[in-house]
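Structural overview for review
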Amino acid sequence: MTNLHHTSSPKNGESKKPCIAFSGDGDAVVCRFGGKWSLNDDFRDELQQDWKSYLKRNSSFNEMSFELEESVQWDSTLVVFLSKMIGTLDASGKKIVLNDLPEGLRSLLNMSGLSPTLSKNQYANRKLYFPDLKFLFFASRFVSFWGEWVLAFSRLVCGKSKMRWYDFAEAARSSGASALPIVTLISFLTGLTMAFVGSVQLEKFNAKIYVADLVSLAMVREMGALMVAIIMAGRTGAAFAAEIGNMKLNEEIDSLRTFGISPIDFLVLPRTLALFLMTPLLTLYADVVGMLGGLAVGTQVMDFSVLHYFEQTQSALSSMWEIFSGLLKSLLFGLIIGLVGCYKGLNAGSNSASLGKAVTSAVVLSITLIVVCDAMFEIIFSYLDLR
Amino acid sequence: MSEALEKVSKVLELKEVGLSYGDHKVLEKVSFAVREGDCVVVIGGSGCGKSTVLKAMTGLLEPNGGKVMVRGRDYWASDSVERSLITKEFGVLFQGGALWSSMSLMENVSLPLKTHTALGDEEIAQIASYKLSLVGLRGFENFYPSELSGGMKKRAGLARAMALDPKVLFLDEPSAGLDPLTSRRLDDLINELKESLGITFVVITHELASIFEIADYAVFLDAETKTLIDQGTPLQLLHSSAHDQVRAFLSRGNETP
């Protein structure tokens, strides 16, 4: 190793290893580069060590000049290495002489502009955030968004809103009627599956006909609202986030603001209201289709007559509250999905990656909130003796 | 007396405005004034915060420091009613046109009119198609933004920005992406509007030809220090700016004569 430092490197590139050699006395040191500097080799770490240990041993010099051996072959690795060295020397206040370097290398060094002060600043700008504080920030933003929505809604009630009813109708069509096929399929299969699962258990007690009770009660109380909400979150909530996020990306939201048109009135209100009204309707539809799924199993697999199954269902649903409780939930679910989707869209960042993130988090957040709310509803209902 | 006049003639004034996105500083202590009827051009290298200056001037971004004065009043100290009155005088053309994608060109231009005026539908339609023909888009009234080219979107955006007959028009790179002839026509349009209607312009542009054609006044933002380093008429800046990069910018990298 010492060999490398104080003698000049082998001539004619006999060894292709890149090397540095230092010569000169106490005050002015000459640093010579030799060998082959190439992106494909990996000797830089070693050289870095050599350079550091040289600096440690000799810190008394005031001036360092750089030159290349004739046989040296170099590419950007040398430029980067050299600019790092210059940075270190610069920071410790040494004089640097570059005059002996070839013109091309000098201009590359100039253009790279890798001065140590710049890179330090770049890192100083980055800070770590504590996740809990970020959560508080998010919560406060969401609350203020909710407040703006309430204000916009009251403007609508007073007839002062700028909401376009055409947008409302369009959102209602795309989140309501267009969702019918998927809602039909999912809720029919949900009813059917529940009937199969229930029939196996109920057969043990010779109470197979109670499959009708099981399916109808489960559908109207829970599964109808929940299934529709999950479909809506994945379908409509995501679409809202993507649509509004894209508008933000194209500065459409900014241009609304410059005309004094509130994006809440103009974009968020029609979408959320449409979903708020469509979700209960779809839930009612899903309840019926789910019961039809149960009926299919009851008549085709368990050999009940349609009338028998129907009468049993009717007696299970003797109270309308069973149905209303499900619809009540779905009203709230619709609102949650609409608000979360629009909020995430409005707060998407200004590049396409953050748009994808906004859509994903809109779906995840709304499904989480839906399940949490559903559980809270059930707890409240059972404490109030409503079940 | 003359001081009072001076104040009135300043439509807009930035006083030591600073702005940052999170920890990332975009502007630092930028101060300049826009006088009534002038065309002020904001120039500077890419990433020097030109669009951010525009957003700070139009009330879209609240500065972290300094003041934005509109006709002598502090914009961010006014209440929301006053603010919306102030911004009603502004028209903004964004970089990509920023047309509302779910509406046809006609609806795009008429929405501000419907929102802020008591005109009847027929009148609004007439005004909207007049504005569209001003920018050479007659016959495209029922097209949607997705059916237009980039340059047409930009022109439609300009028509929309002019919808409410604004006193101040902010244009963010109006001629980027336009062919030389169309961009020349746009410059002529700007000069014409300035002369005939007395509209004040704040324009962000990179096009040297445009700058010398339209600008009464230019301010230069420096990308490195994030601040305003020089201001004056374009010719003053070109010939006698104390900063090398300003002269280089305006002479396209050639040394000044």
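Because the structure is a prediction, the values reported are computed rather than measured.

Let us now look at the interface of chain B and chain A. For an interface, size is often stated in terms of accessible area lost upon the parts coming together. On the chain A side, the residues contacting the 21 residues of chain B number 17 residues. Taking both sides of the interface into account, the surface hidden between chain B and chain A amounts to around 1,800 Å²; carbon and sulfur atoms contribute 58%. Counting across the interface, chain B meets chain A through three salt bridges. Notably, a salt bridge pairs Glu107(B) with Arg164(A), separated by 3.6 Å at the nearest N-O pair. At the junction of chain B and chain A, the tally comes to eight residue pairs in polar contact (both at pLDDT 80 or more). Of all the secondary-structure elements, those providing two or more residues to the side of chain B that touches chain A are helix H4 (105-116) and helix H6 (150-161) of chain B. With five residues, the top contributor of residues to the side of chain B that touches chain A is H4(B).

A few words now on the confidence of the model for chain B. Residue and element names in this part refer to chain B. Per-residue confidence for chain B gives a mean pLDDT of 85; residues scoring 70 or more make up 96%. Ranking the helices and strands of chain B by mean pLDDT puts strand S8 (residues 200-204) first, with 93, and helix H1 (residues 2-9) last, with 53. Confidence over residues 1-5 falls short of pLDDT 50; this stretch has zero contacts with residues more than four positions distant or in other chains. Both scores are available for the predicted complex, with the pTM at 0.72 and the ipTM at 0.79.

Domain parsing of chain A yields domain 1 (3-129) and domain 2 (136-383). Summarising the inter-unit geometry, the C-alpha centres of domain 1 of chain A and domain 2 of chain A are found 65 Å apart.

Turning to helix H2 (residues 44-57) of chain A, a few remarks are in order. Residues and elements named next belong to chain A. Relative to the 20 Å expected for 14 residues at 1.5 Å per residue, H2 spans 20 Å between its end C-alpha atoms, a close match to the ideal helical length. Buried residues of H2: Leu 47, Gln 48, Asp 50, Trp 51 and Tyr 54, and no others. The buried side chains of H2 occupy one side of the element, clustering within an arc of 160° when seen end-on. Facing away from the buried surface of H2 by more than 90 degrees, the exposed residues are Asp 45 and Lys 56.

Residues and elements named next belong to chain A. Across the sheet, four strands lie side by side as S1-S2-S3-S4; this open sheet has mixed pairing. Two strands lie at the open edges of the sheet, namely strand S1 (19-23) and strand S4 (95-97), each paired on one side alone. Taking each pair of neighbouring strands and ignoring which way they run, the sheet shows an average axis angle of 20°. Where S1 meets strand S2 (residues 28-34), five bridges bridge the pair, whose relative direction is antiparallel. Counterpart to Phe 22 in the pairing with S2 is Cys 31. Relative to the sheet, H2 contacts S1, S2 and strand S3 (63-68), its axis offset from that of S1 by approximately 15°. Sheet contacts for helix H3 (residues 76-91): S1, S2, S3 and S4; angle to S3, the most-contacted strand, approximately 170°.

The next subject is the confidence of the model for chain A. Residue and element names in this part refer to chain A. Mean pLDDT over chain A: 86, with 90% of residues reaching 70 or higher. This stretch, residues 1-14, has a pLDDT under 50; its non-local contacts, to residues over four places away or in other chains, come to 25 contacts. Between residues 115-125, whose pLDDT stays under 50, and residues either more than four places distant or in other chains, the model counts four contacts.

What follows covers a nonpolar patch on the surface. All names here are of chain A. Together, Leu 185, Phe 188, Leu 189, Val 288 and Leu 292 make up a nonpolar patch on the protein surface, roughly 420 Å² of accessible area in all. Those elements that place two or more of their residues in the nonpolar patch are helix H8 (180-204) and helix H11 (263-300). Residue contributions to the nonpolar patch peak at three residues, all from H8. In this fold, Val 288 is placed in helix H11.

With that settled, the discussion passes to the pairing of S2(A). Residue and element names in this part refer to chain A. Linking S1 to S2, which pair antiparallel, is a turn of four residues; within it Gly 24 sits at a positive phi near 110°. Where S2 lies against S3, six bridges are found, and the strand directions are parallel. Along S3, the bridge assignment pairs Ala 28 with Glu 63. In this fold, S2 hands off to H2, which returns the chain to S3; that crossover is right-handed.

A few words now on the packing of aromatic side chains. Scanning the model with the defined rule gives 18 aromatic pairs over all chains in all. Arranged with centres 6.1 Å apart and planes meeting at 15°, the rings of Phe33(A) and Phe66(A) form a pair that is stacked. Remark: Phe66(A) occurs in strand S3 and Phe33(A) occurs in strand S2; sequence separation between them is 33 residues. The pair formed by Phe33(A) and Phe66(A) is uniform in burial state, with each residue classed as buried. Taken together, a centroid distance of 6.0 Å and an interplanar angle of 65° make the contact between Phe259(A) and Trp100(B) edge-to-face. In this pair, Phe259(A) is assigned in the loop between helix H10 (252-258) and H11 and Trp100(B) in the loop between strand S6 (90-93) and H4, connecting two distinct chains. Owing to a relative accessible area of 4%, Phe259(A) belongs among the buried residues under this scheme. Ring pairing ties together the aromatic residues Phe33(A), Trp37(A), Phe66(A) and Phe81(A), which thus form one cluster. Geometry around Tyr75(B) places Arg83(B) over its ring, the cationic atom sitting 5.7 Å from the centre. The lysine or arginine in question, Arg160(B), covers the ring of Trp100(B), its NZ or CZ lying 4.1 Å from the ring centre.

A few words now on unusual backbone geometry. Despite not being glycine, Asn206(A) has its phi angle at roughly 55°, a positive value. When you line up the elements, Asn206(A) lands in the loop between H8 and helix H9 (211-249).

Conventions we followed
Residues numbered from 1 in each chain as written. Chains lettered and ligands numbered in written order. Predicted model: local features only at pLDDT ≥ 70, side-chain atom pairs only at ≥ 80, totals over all residues. Heavy atoms only, no water. Contact = heavy atoms within 4.5 Å. Buried area = accessible area lost by both parts, 1.4 Å probe. Salt bridge = Lys/Arg side-chain N within 4 Å of Asp/Glu carboxyl O. Polar contact = N/O pair within 3.5 Å; in protein donor to acceptor, adjacent residues only side chain to side chain. Helix = DSSP H or I, 4+ residues; strand = E, 2+ residues; numbered from the N terminus. pLDDT = per-residue confidence, 0-100. Domains from an automatic or database assignment. Expected span 1.5 Å × (residues − 1). Buried < 20%, exposed > 50% of the residue type's maximum accessible area, 1.4 Å probe, protein only. Arc of directions from axis to C-beta. Pairing = 2+ DSSP bridges. Axes fitted to C-alpha atoms, helices over the stretch in contact; angles between N-to-C directions. Patch = residues over 30% accessible without salt bridge, like charges linked within 9 Å, V, L, I, M, F, W, Y side chains within 5 Å. Areas by Shrake-Rupley, 256 points an atom, 1.4 Å probe, with all protein chains shown as cover. Right-handed = clockwise from strand over helix to strand, strands pointing away. Phe/Tyr/Trp six-rings, centres within 6.5 Å; stacked < 30°, edge-to-face > 60°. Lys NZ or Arg CZ within 6 Å of the ring centre and 35° of its normal.

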